[in-house]
Amino acid sequence: MTAEVKVEEKQVESEVVIASAVVPPVEETTVKAVVEDEVKAVEEVDGSETKVVEKSSSFKEESDFFSDLKDSEKKALSDLKTKLEEAIVENTLFRKKKETPVKVVEKKKVVEEKAEDEKKSEAVVTEEAKAEESPKEEAKTDAVVTEEAKAEATEDVVQKESPKEEVKTEADIVDTKEEVKAEIAEEEKKTEEAVVTKEADVVDPKEEVKAEIAEEEKKTEEAVVTKEADVVDPKEEVKAEIAEEEKKTEEAVVTKEATVEQEEEDEIVDNDIELWGVPLLPSKGAEGTDVILLKFLRARDFKVNDAFEMLKKTLKWRKEQKINSVLGRDFGEDLASAAYMNGLDRESRPVCYNVYSVFGNEELYQATFGSEQSRENLLKWRFQLMEKGTQKLDLKPGGVTSLLQIHDLKNCPGPLKKELWVAIKNAIVALQDNYPELVSRNVFINVPFWFYAVSTLLSPFLTQRTKSKFVVPRPANVTETLLKYIPAEEIPVQYGGFKRDDDTEFSKEAVSEVVVKPGSSETIEIPATETEGTLVWDVAVLGWEVNYKEEFVPADEGAYTIIVQKVKKIGSNEGPVRNSFKNSESGKIVLTVDNVSSKKKKRVLYRYRTKTESSC
């Protein structure tokens, strides 16, 4: 028999990305992640015997009974129920409680802007004062210049008058008085003309200075007026801007308040609000309420506020996505084979199979991922499937409260099909965030060689709790791994089990098992007590690689043995065998499994049924 597998968490550079539970965007390249790898542990005993190492699971579903919770978990659940009760009764589940601070913050902002604008205005006024003082200083400077000009003019006049005294002094020496007088007269005349000229020259600068001063004062006044006009305009402009900002702020505040009020009005919470058919108002006393709340608490490590926010976001998301109306939508038959519910696991959980090979069809791929609308429809279809799964659950303590997900990656389109993996990523994020703890385990089978490379992109989108639910068996151990979680009669025949679509041969017949040791053979006998009837049987050998034959041995010792199936070698890729034999006498069917050539023990699963005319 093939050894049972042990799930171990290994720190590897990889993680899985799959539809209903996982997805990596191809753009990213390296992210550390954790992969649970199903590893077969085999010990050789006495040179031939194999010892099975039982599976050690990294994840185990916890009890939903209040009495089984830890004290800290009980307190967290009680606190969450109190918060939820208050939020529903007071209609604050979706309400933004702090509306006033929005208004205050806006007004405070305006006040700060006003203060800043006032400072700017004061600075402008200061500049204006300086501008007013500047002309006065210029005028004083011009006055000083005028005085200096007057002094210079006086000195020139004195200097021109000094020759007059010299002429008078020389008159005593000159011989002829007339000449002296003539010279003096002429000199005086010249001097007077010079003085007049100088005085004219002196007067002109004065008048010119005065004219310049007047003109400068006029210009200064005009400049001051212009500056004052410029100063006044910014003030008025600042005031106008402040008034405009206040108006805009008030309008914005009013708009925000109106928006908040509108949201409140649109999202009034009914006291009868439910999630997956379970009333959420704790005071209603529904036994499923604790189960739902514990799922959110466990998804957030029993952090009450985080769990409460997650619950609110889920309820809001469901409303935005119109999840309740998704159940009634018809998405066509194309996607029916991509994911479907089929059978129950050993804990009576519904099993969901996700098959990615269907997207290898290019026409279906383009129809599914070719446009934004088609990709949106794919997500809605996936949500619909999840909702149908939750309808099969019994959300109460001790009931079936989760699904088992199987992801078949055989012939799955590779990483180059970017649209597929982006859609898978979007699906996994949405399902993880809005369907917490509704999946007990994700088993990935028939993984291709590139699976681990692609799976490294998953880690950023998943919590550690979600990762602990991943199981990735080796390709040769697919059936054996599935048998850990699903009984053989519930495993589809393509995965090594006995479940067939529309099967009328078997209903609830039990499956038995025998172990064939290495180097030995085992026979399975199916009694045929009726003299007339039909025997039907199913046989599966895990890993096969054995010789197999079928015979009918009559009860009468003198009768001949009838070969139903001659000896043949069955390879490891073979699926279950179904056969039948119509007997005309009593006897038995003998099935022989010969494991002589193998060094590993083989597990043989079988079931049978005897059909008579009355039972047909």
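Below or above, wherever it landed, is the structure these notes cover. Keep in mind the model is a prediction, meaning the values are calculated, not measured.

**Observations regarding the packing of helix 5 (residues 304-321) against helix 9 (residues 418-434)**
Line of reasoning, step 1. Across the interface, helix 5 lies against helix 9 with an axial gap of 9 Å and an inter-helix angle of 120 degrees. By the criterion of interaxial angle, the relationship of helix 5 to helix 9 is oblique. Between helix 5 and helix 9, the residues in contact are M310, K313, T314 and W317 and A430, Q432, D433 and N434, respectively.
Line of reasoning, step 2. Among the residues making up the contact of helix 5 with helix 9, the classes are represented as three nonpolar, three polar and two charged.

**Here's the deal with the nonpolar core**
Line of reasoning, step 1. Among the nonpolar cores identified, the biggest contains 44 residues, and L93, L280 and Y435 are the most heavily contacted of them.
Line of reasoning, step 2. When residues of this core are traced back to their parent elements, those giving at least two are helix 1 (71-89), helix 4 (287-299), helix 5, helix 8 (372-391) and helix 9.
Line of reasoning, step 3. Each of domain 1 (63-90 + 272-321) and domain 2 (326-484) contributes no fewer than three residues to this core.
Line of reasoning, step 4. Those residues in contact with L93 that sit more than four places away from it in its chain are L84, A87, I88, V269, I273, F308, K312 and L315.
Line of reasoning, step 5. V326, F369, L409 and L462 belong to the second largest nonpolar core, which has 31 residues in total.

**Examining the pattern of salt bridges**
Line of reasoning, step 1. One pass over the full model with this rule turns up 24 salt bridges.
Line of reasoning, step 2. Between E309 and K312 there is a salt bridge, and its shortest N-O distance comes to 3.2 Å. With E309 and K312 both in helix 5 and three residues apart, the pair spans about one turn of that helix.
Line of reasoning, step 3. What makes E309 partly exposed here is its relative accessible area of 36%.
Line of reasoning, step 4. Note that R603 and E480 form a salt bridge whose closest N and O atoms lie 4.0 Å from each other. Taken together, the residues R603 in strand 19 (residues 602-611) and E480 in helix 12 (residues 478-485) connect sequence positions 123 residues apart.
Line of reasoning, step 5. Given a relative accessible area of 9%, R603 falls into the buried group.
Line of reasoning, step 6. When salt bridges that share partners are traced, they join E62, D64, R298, E437, R465 and K469 into one network.

**Some remarks on unusual backbone geometry**
Line of reasoning, step 1. You will see that D502, though not glycine, has its phi angle at about 50 degrees, which is positive.
Line of reasoning, step 2. Here D502 is to be found in the loop between helix 12 and strand 12 (512-516).
Line of reasoning, step 3. In this structure, W544 is a non-glycine residue whose phi angle is positive, near 40 degrees.
Line of reasoning, step 4. For W544, the position within the fold is in the loop between strand 14 (533-541) and strand 15 (546-554).

**Examining a negative patch on the surface**
Line of reasoning, step 1. Residues D330, E333, D334 and E363 make up a contiguous surface patch of negative charge.
Line of reasoning, step 2. Mapped onto the elements, E363 comes out in helix 7 (residues 362-369).
Line of reasoning, step 3. Under the relative-accessibility criterion, E363 is labelled exposed at 66%.

How each quantity is defined
- Residues numbered from 1 in each chain as written.
- Predicted model: local features only at pLDDT ≥ 70, side-chain atom pairs only at ≥ 80, totals over all residues.
- Heavy atoms only, no water.
- Axes fitted to C-alpha atoms, helices over the stretch in contact; angles between N-to-C directions.
- Helix = DSSP H or I, 4+ residues; strand = E, 2+ residues; numbered from the N terminus.
- Parallel < 35°, antiparallel > 145°, perpendicular 65-115°, else oblique.
- Contact = heavy atoms within 4.5 Å.
- Nonpolar A, V, L, I, M, F, W, Y, C, P; charged D, E, K, R; others polar.
- Core = buried A, V, L, I, M, F, W, Y, C linked by side-chain atoms within 4.5 Å.
- Buried < 20%, exposed > 50% of the residue type's maximum accessible area, 1.4 Å probe, protein only.
- Domains from an automatic or database assignment.
- Salt bridge = Lys/Arg side-chain N within 4 Å of Asp/Glu carboxyl O.
- Patch = residues over 30% accessible without salt bridge, like charges linked within 9 Å, V, L, I, M, F, W, Y side chains within 5 Å.
- Areas by Shrake-Rupley, 256 points an atom, 1.4 Å probe, with all protein chains shown as cover.
- Lys, Arg positive; Asp, Glu negative; His and termini not counted.
- Charge placed at Lys NZ, Arg CZ, Asp CG, Glu CD.

What is shown is where atoms sit, not what they do.
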